[in-house]
Amino acid sequence: MSETTTLEDLKGAMEGTSAPDANAVPAVQKLDKFGRAYATGKRKNAVARVWIKPGSGRISINGRTLEVYFARPVLRMILNQPLVTAAREKQYDITATVVGGGLSGQAGAIRHGISRALTYFEPSLRGVLKKEGFLTRDSRVVERKKYGKAKARRSFQFSKR
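Residues numbered from 1 in each chain as written. Predicted model: local features only at pLDDT ≥ 70, side-chain atom pairs only at ≥ 80, totals over all residues. Heavy atoms only, no water.

**Let's talk about the packing of aromatic side chains**
Working step 1: Scanning all chains against the criterion turns up 3 aromatic pairs.
Working step 2: On the numbers, 5.1 Å between centres and 45 degrees between planes, the contact of Tyr-38 with Trp-51 is tilted. Here Tyr-38, found in strand S1 (residues 37–43), pairs with Trp-51, found in strand S2 (residues 46–54); they are 13 residues apart in sequence, far enough to count as distant.
Working step 3: A relative accessible area of 18% places Trp-51 in the buried class.
Working step 4: Ring geometry for Tyr-69 against Phe-70: centres 5.0 Å apart, planes inclined by 85 degrees, an arrangement best described as edge-to-face.
Working step 5: The class for Tyr-69 is buried, based on a relative accessible area of 12%.
Working step 6: With relative accessibility at 0%, the residue Phe-70 sits in the buried group. (Phe/Tyr/Trp six-rings, centres within 6.5 Å; stacked < 30°, edge-to-face > 60°. Helix = DSSP H or I, 4+ residues; strand = E, 2+ residues; numbered from the N terminus. Buried < 20%, exposed > 50% of the residue type's maximum accessible area, 1.4 Å probe, protein only.)

Next comes the structure, spelled out in structure tokens:
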């Protein structure tokens, strides 16, 4: 018959090996031939394509500057959150194209894309950005309207007469 192994034997065998570290893949930059990192960000119905490269902090969205495209300061703040968290303001030039949704969704999509592109450019920033929740795609979307209803869930006003 086979030998009996005790729990202490298994613990001793596991201490010698470092299973999680042995399978870990070293983080590598993902850059294109122009030295840029590319990522796609999504929020509601908006989809943003984002490229980042080392530069002076210039941000261009659909060919327009940040201040022109997002006039509200809150939307500009949302967009800069990953850069502020990673302490990388004014270090990267960002180019983005965004389609779909409204301005709020577009700002969220660009923020998601910037966060992902930063992790491709500097893999060491992944922990900081993930902790703040910038790498998670916010999956909340508008619920569709149902038949027999005024909106998604709102019923028409009821009257007995």
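**A closer look at the packing of helix H4 (residues 73–85) against helix H5 (residues 103–121)**
Working step 1: The contact between H4 and H5 brings their axes to 8 Å, and the two run at 10 degrees. Taken together, the axis directions place H4 and H5 in an arrangement best described as roughly parallel. When H4 is examined against H5, the residues Leu-75, Ile-78, Leu-79, Gln-81, Pro-82 and Leu-83 are found in contact with a partner set consisting of Leu-103, Ser-104, Ala-107, Gly-108, Ile-110, Arg-111, Ile-114, Ser-115 and Leu-118.
Working step 2: Tallied by class, residues from the contact of H4 with H5 come to 10 nonpolar, 4 polar and 1 charged. (Axes fitted to C-alpha atoms, helices over the stretch in contact; angles between N-to-C directions. Parallel < 35°, antiparallel > 145°, perpendicular 65-115°, else oblique. Contact = heavy atoms within 4.5 Å. Nonpolar A, V, L, I, M, F, W, Y, C, P; charged D, E, K, R; others polar.)

**Observations regarding H5**
Working step 1: The end-to-end C-alpha distance of H5 is 26 Å, a good match for the 27 Å that 19 residues give at a rise of 1.5 Å each.
Working step 2: Counted residue by residue, H5 has 14 buried out of 19 residues, so it is predominantly covered. (Expected span 1.5 Å × (residues − 1).)

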